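These are the residues of each chain, in order.
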Amino acid sequence: MTEPAKAKVEMEKLVSLCRRRGFIFPSSEIYGGLSSCWDYGPLGVELKRNIKDAWWRAMVQQRDDMVGLDSSILMHPRTWEASGHVEGFSDPLVECKSCHLRWRSDELESDKCPECGGELTEPRLFNLMFKTFVGPVEDEASVVYLRPETAQGMFVNFENILTTTRKRLPFGIAQVGKSFRNEVTTGNFIFRSREFEQMEIEYFVKPETDKQWFDYWVEERINWYVGLGIKRENLKLRPHTKEELAHYARACSDINYLFPMGWAELEGIANRGDFDLVQHASSSGKTLSYYDEEAKEHIVPYIIEPSAGVDRTFLALLCDAYDEDEADGEKRVLLHLHPDIAPIKAAVLPLSRKEHLASFAKDIYADLRKHWMVGYDDAQSIGRRYRRQDEIGTPFCVTVDFESLDDKQVTIRERDSLRQIRVPIDSLKATLQTKLGGEDLFVLPEGGKVWKE
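All figures in this text were calculated on a predicted structure; none of them were measured in a lab.

**Brief notes about the overall build of the protein chain**
- When you go through the protein chain residue by residue, the secondary structure sums to 13 helices and 24 strands.
- Over its C-alpha atoms, taken along the principal directions, the protein chain stretches across nearly 75 × 65 × 60 Å.
- In the protein chain, which comprises 453 residues, the share counted as buried stands at 51%.
- Contacts in the protein chain between residues at least 24 apart in sequence constitute 65% of all its contacts with a sequence separation of at least 6.

**Details of helix H2 (residues 42-61)**
- Its 20 residues place the ends of H2 26 Å apart at the C-alpha level, agreeing with the 28 Å of an ideal helix rising 1.5 Å per residue.
- Considered for burial, the residues of H2 that qualify are Leu43, Gly44, Glu46, Leu47, Lys48, Asn50, Ile51, Ala54, Trp55, Met59 and Val60.

**A word on unusual backbone geometry**
- A cis geometry characterises the amide bond from Leu169 onward to Pro170, with omega recorded as -5°.
- Considering the arrangement of structural elements, one finds Pro170 in the loop between helix H6 (158-165) and strand S9 (171-180).
- Here Gln380, not a glycine, exhibits a phi torsion of approximately 70°, which is positive.
- Its location among the elements puts Gln380 in the loop between strand S20 (374-376) and helix H11 (382-391).
- A relative accessible area of 48% places Gln380 in the partly exposed class.
- Non-glycine residue Lys408 carries a positive phi angle of around 55°.
- Following the sequence through the fold, Lys408 ends up in the loop between helix H12 (402-407) and strand S22 (409-414).
- A residue is classified by how much of its surface remains accessible, and Lys408, at 42% relative accessible area, is partly exposed.

**Notes on helix H13 (residues 428-436)**
- Those residues of H13 that sit buried are Leu428, Thr431, Leu432, Lys435 and Leu436. One face of H13 carries all of its buried residues, which in axial projection span an arc of 130°.
- Of the residues one or two after H13, Gly438 is the one with positive phi, at around 110°.

**Some points on the side chain of Glu200**
- Inspection of the secondary structure assignment puts Glu200 in strand S10 (residues 195-205).
- Only 2.5 Å separates the side chain of Glu200 from the side chain of Thr150, close enough to count as a polar contact.
- In this structure the side chain of Glu200 is engaged in a polar contact, spanning 3.0 Å, whose partner is the backbone nitrogen of Ala151.
- If near-sequence neighbours (up to four positions away) are discounted, Glu200 is found in contact with Trp55, Glu149, Thr150, Ala151, Met154, Ile173, Ala174, Gln175, Glu305, Pro306 and Ser307.

**A short note on the environment of His336**
- Within the secondary structure, His336 is located in the loop between strand S18 (330-335) and strand S19 (346-350).
- Ignoring anything within four residues of it in the chain, the contact list for His336 reads Ala321, Asp323, Arg415 and Asp416.
- Polar side-chain contacts of His336 include one of 2.8 Å to the side chain of Asp416.

**Side note on the packing of aromatic side chains**
- Taken as a whole and judged by the stated rule, the model has 15 aromatic pairs.
- Considering the side-chain rings of Tyr248 and Phe275, the 6.3 Å spacing of their centres and the 40° angle between planes classify their relative orientation as tilted. Of this pair, Tyr248 sits in the loop between strand S11 (235-239) and strand S12 (251-259) while Phe275 sits in helix H8 (residues 275-284), placing them 27 residues apart in sequence.
- Ring pairs connect the aromatic residues Tyr203, Trp213, Tyr216 and Trp217, which therefore count as one cluster.
- Across from the ring centre of Tyr248, 3.9 Å away, lies the NZ or CZ of Arg272, which sits over that ring.

**Considerations on the nonpolar core**
- Ranked by size, the top nonpolar core spans 60 residues in total, and within it Phe23, Trp217, Trp224, Phe259, Phe314 and Leu315 carry the most contacts.
- Per-element accounting of this core gives the leading share, eight residues, to helix H9 (residues 310-321).
- With sequence-adjacent residues up to four places away left out, Phe23 is seen in contact with Leu17, Cys18, Asp39, Tyr40, Gly41, Leu43, Gly44, Leu47, Phe314, Leu335, Pro343 and Ile392.
- Within the second largest apolar cluster, 22 residues are counted, among which are Leu357, Trp372, Val374 and Leu441.

What counts, and at which threshold
- Residues numbered from 1 in each chain as written.
- Predicted model: local features only at pLDDT ≥ 70, side-chain atom pairs only at ≥ 80, totals over all residues.
- Heavy atoms only, no water.
- Helix = DSSP H or I, 4+ residues; strand = E, 2+ residues; numbered from the N terminus.
- Buried < 20%, exposed > 50% of the residue type's maximum accessible area, 1.4 Å probe, protein only.
- Contact = heavy atoms within 4.5 Å.
- Expected span 1.5 Å × (residues − 1).
- Arc of directions from axis to C-beta.
- Polar contact = N/O pair within 3.5 Å; in protein donor to acceptor, adjacent residues only side chain to side chain.
- Phe/Tyr/Trp six-rings, centres within 6.5 Å; stacked < 30°, edge-to-face > 60°.
- Lys NZ or Arg CZ within 6 Å of the ring centre and 35° of its normal.
- Core = buried A, V, L, I, M, F, W, Y, C linked by side-chain atoms within 4.5 Å.

As structure tokens, this is what we get:
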């Protein structure tokens, strides 16, 4: 019997790193926190923004068949009636009769409470949508919901976007935004929480082409993760069986990642057929169709939906990037983050706090900040400063020493290889730009030289 696959890093190490270095904090911590709610700190917000920017660049900016949307979190309640969320967006809930903790019955391995071993109640359905009210009166007429997904905003805007962009099939609508689900059980750090951010695409195709576009998007999305540095062996495609398909889905596959708690969903790609447009057309009385000029008839497009979570992508990238090795006789923790998503692209490190050197280094720092998020660190030894930057995934460190005052050159140190080059300050920006783009460190600019192999 083969051993189950294991991730190379324990969740406790990631949580500790995120807390220690300012990636993620528990929300409302001074009041004891709120279960499964998280605040992204100075480094976390940069990494999260870079993930969203990388997704948007690849899925929208670099394609001519995709447009963006930012729809409202609050929508007309009939939206959620038509979509089936009011009636069917539920999980089976059981409660322990002894400790009164609640669990999803479909995720339990036995009929006993996982916490205390007590007897559980019979399952009952629990709707996952957060309910609130619009206006000063709290009655049924003013009920609205915090959206549990961004998808419906794209479906109800299908006609608006078709009219204003004049796109032809196939084309897609992309959206990044917050969603909310009142999950029965949360946990595994930021993997499952009640407030989360999604990156979703609704890709509209001719009905007879849905299978080929479904296969296309499965491959496209796997390649995106690999392109950001996730190892292919840590990704696994899991097609859904007919029995587990959602009511609207003709097909669905999950891209699973080997998280510290085991294989779990990173992204889902679904063939939703024409369910959503038909439902909203029927409920609203509006026509949500596309005129096919070749066939000379109106058709209802099928929809392929790649749906990714920003927070889960964040966690997967940290898991895959985490490493421990030895440098200069000392153990170091480092994150092999792709330069595109690293929170800090480079750090300027003066060898001394003496005023003339510090002022010189700060001028370099100020110039680089015009182009990237750049760090500045002058505390403790240069070795400790290198370690701090390695631990947060900074690809390059720029060391400013006393020789720099005379020769107008600085040293660039590469995070992963520990190799160093020395380059003229005048070519520093251009050199960093090419290195962040993937050029080998030892491809030197004019006047540059290898400093440490």
